Amino acid sequence: MNSGSSDQQQLTNAVIITGGAQRVGKALAIALAQQGFDVVISYRTMKPAVTELRELGIHCQQADFSSQTGIDDFIGWINQKCGSIRALIHNASDWLAESADVSPQQTMNQMMQIHAMVPYQLNLALAELLQTSTQGDIIHLTDYVVKTGSKKHIAYAASKSALENMTKSFAALLAPKVKVNAIAPGLIMFNEHDDERYREKAKRKSLMAIEPGPQVVIDTINYIINNPYLTGSCVDLDGGRALASKQ
Ligand SMILES: NC(=O)C1=CN([C@@H]2O[C@H](COP(=O)(O)OP(=O)(O)OC[C@H]3O[C@@H](n4cnc5c(N)ncnc54)[C@H](OP(=O)(O)O)[C@@H]3O)[C@@H](O)[C@H]2O)C=CC1
Ligand SMILES: Nc1nc2c(c(=O)[nH]1)N=C([C@H](O)[C@@H](O)CO)CN2
């Protein structure tokens, strides 16, 4: 439960969300804090939401995972701050499309770094703290396109596939004290720059044909962490997208 701990006290049963200062991660951080968890988020860029989250008692730690130093520093801070971890949620992500402005090498390196290297290193480094809590959970946020590929986001889809595959490996490695699952979302929430034409087309890609918003991810995270028998699984959270294309 939220210990109302001061900065010096160690957190117990902390919930860690990477990339939690906006959109899905921010909504998830607020919801889990309201449920009484001690929530820690990482953020890359300082923004007003970080102040807002801190005022809600959410611990915010700056971390740019594009470098090994950034990863090492965040792991070091977590080891100092937390006595045990209830859940580690890998949410941080860049939705990078192939572009003439960025080399294929840089695109693939950046995608593999945030979607595969970071979860891989954090899972290994924080496994002991996860095993110290009553029940530990690791949750990987992947993507529907792991199943289909994406001609405009090739490196992104490949890196999310690596993340989804690691779900199985870490589930086998860390059972039974730590469960490891993935959520493979379809459309959850648009970006501000998405125009009406794009939004309508994107919604029609699923049977439910809606932009559901982050509550569906919050509900799925709660389903996973409250289920003592679920591990090594991937929850498809995509409005029936695979079936819509067959209509
Ligand atoms: N939104 C959607 O409809 C869908 C989302 N998903 C997945 O769900 C998750 C949440 O999506 P969404 O909220 O849109 O995510 P965002 O695109 O808003 O990204 C979340 C955060 O990741 C952080 N981040 C990116 N790269 C790095 C890095 N190198 N180091 C540290 N932090 C980094 C960003 O920090 P900063 O703000 O500082 O740049 C950002 O705040 C993601 O994993 C996404 O792939 C999957 C399918 C659909
Ligand atoms: N890191 C992100 N990943 C993804 C995003 C996003 O905004 N940030 N958005 C999508 C799309 O919504 C897609 O699912 C439907 O067009 C995919 N991944």
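Just above sits the structure.
Residues numbered from 1 in each chain as written. Chains lettered and ligands numbered in written order. Predicted model: local features only at pLDDT ≥ 70, side-chain atom pairs only at ≥ 80, totals over all residues. Heavy atoms only, no water.

## As for a positive patch on the surface
A contiguous patch of positive charge on the surface is contributed by Lys151, Lys152, Arg197, Lys201, Arg204 and Lys205. Mapped onto the elements of the fold, Lys151 is located in the loop between α5 (145-148) and α6 (154-174). Residue Lys151 is classed as exposed on the basis of its relative accessible area, which comes to 76%. (Patch = residues over 30% accessible without salt bridge, like charges linked within 9 Å, V, L, I, M, F, W, Y side chains within 5 Å. Areas by Shrake-Rupley, 256 points an atom, 1.4 Å probe, with all protein chains shown as cover. Salt bridge = Lys/Arg side-chain N within 4 Å of Asp/Glu carboxyl O. Lys, Arg positive; Asp, Glu negative; His and termini not counted. Charge placed at Lys NZ, Arg CZ, Asp CG, Glu CD. Helix = DSSP H or I, 4+ residues; strand = E, 2+ residues; numbered from the N terminus. Buried < 20%, exposed > 50% of the residue type's maximum accessible area, 1.4 Å probe, protein only.)

## Side note on unusual backbone geometry
Cis peptide bonds are those with omega within 30 degrees of zero, and the linkage from Ala175 to Pro176 qualifies with 0°. With respect to the secondary-structure elements, Pro176 resides in the loop between α6 and β6 (178-185). Even without being glycine, Arg23 reaches a positive phi, approximately 50°. Position of Arg23 among the secondary structure elements: in helix α1 (residues 23-34). According to the relative accessible area criterion, Arg23 is partly exposed, its value standing at 30%. Of note in the backbone geometry, Ala209 takes a positive phi value of approximately 50° without being a glycine.

## Some thoughts on helix α2 (residues 48-55)
Every buried residue of α2 is accounted for by Ala49, Val50 and Leu53. Projected down its long axis, α2 carries its buried residues within an arc of 105°, all on one side. Along α2, the residues that are exposed and aim more than 90 degrees away from the buried face are Pro48 and Glu55. Buried residues along α2 sit against α1, β2 (39-43) and β3 (59-62). (Arc of directions from axis to C-beta. Contact = heavy atoms within 4.5 Å.)

## Looking at the site of ligand 1
Around ligand 1 sit 26 residues in total, of which Gln22, Arg44, Thr45, Lys47 and Ile188 are the nearest. Taking Val24, its main chain carries an N or O atom lying 3.0 Å from an oxygen atom of ligand 1. For ligand 1, an oxygen atom lies 2.6 Å from a polar atom in the side chain of Thr45. When isolated, ligand 1 has an accessible area of 890 Å², and the protein chains bury 89% of it. Contributing elements (two or more residues each) for the shell around ligand 1: α1 and α6. Broken down by class, the residue content of the shell around ligand 1 amounts to 11 nonpolar, eight polar and seven charged. (Near = heavy atom within 4 Å. Polar contact = N/O pair within 3.5 Å; in protein donor to acceptor, adjacent residues only side chain to side chain. Nonpolar A, V, L, I, M, F, W, Y, C, P; charged D, E, K, R; others polar.)

## Side note on the pairing of strand β5 (residues 136-141)
Across the six residues that make up β5, a large majority, six, are buried. The pairing of strand β4 (residues 85-90) with β5 spans four bridges and is parallel. Paired with Leu88 across the bridge in β5 is Ile138. The parallel pair β4 and β5 is bridged by helix α4 (residues 104-132), and the resulting crossover is right-handed. (Pairing = 2+ DSSP bridges. Right-handed = clockwise from strand over helix to strand, strands pointing away.)

## Details of the site of ligand 2
Ligand 2 sits among Arg23, Ser93, Asp94, Trp95, Asp143, Tyr156, Gly186, Leu187, Asn191 and Tyr198. Contact distances for ligand 2 include 2.9 Å between an oxygen atom and a side-chain N or O atom of Asn191. Within the complex, 80% of the 410 Å² of free accessible area of ligand 2 lies under protein. Its residues placed into classes, the shell around ligand 2 shows four nonpolar, three polar and three charged.

## A few points about the side chain of His90
Examined against the element boundaries, His90 turns out to sit in strand β4. Note on His90: relative accessible area 4%, which makes it buried. Not counting the four nearest positions on each side in its chain, His90 is found in contact with Thr18, Val118, Pro119, Leu122, Asn123, Ile138, Ile139, His140 and Leu141.

## Concerning the nonpolar core
Formed by 37 residues in total, the largest nonpolar core has its most connected members in Ile78, Ile85, Leu122 and Leu126. Of all the secondary structure elements, the ones that give two or more residues to this core are β1 (14-17), α3 (68-81), β4, α4, α6 and β6. Within the second largest apolar cluster, 31 residues are counted, among which are Leu28, Ala29, Leu141 and Val217. (Core = buried A, V, L, I, M, F, W, Y, C linked by side-chain atoms within 4.5 Å.)

## Topic: the sheet that holds β2
Sheet strands line up and pair through hydrogen bonds in the backbone, either parallel or antiparallel. Spatially, seven strands are ordered β3-β2-β1-β4-β5-β6-β7 in an open sheet, and the strand pairing comes out parallel. Pairing within the sheet leaves two strands with one partner each, and these edge strands are β3 and β7 (234-237). With strand direction ignored, the average angle separating the axes of adjacent strands in the sheet is 20°. The strands that helix α8 (residues 215-225) touches are β4, β5, β6 and β7; relative to β6, the one it contacts most, it runs at about 155°. (Axes fitted to C-alpha atoms, helices over the stretch in contact; angles between N-to-C directions.)

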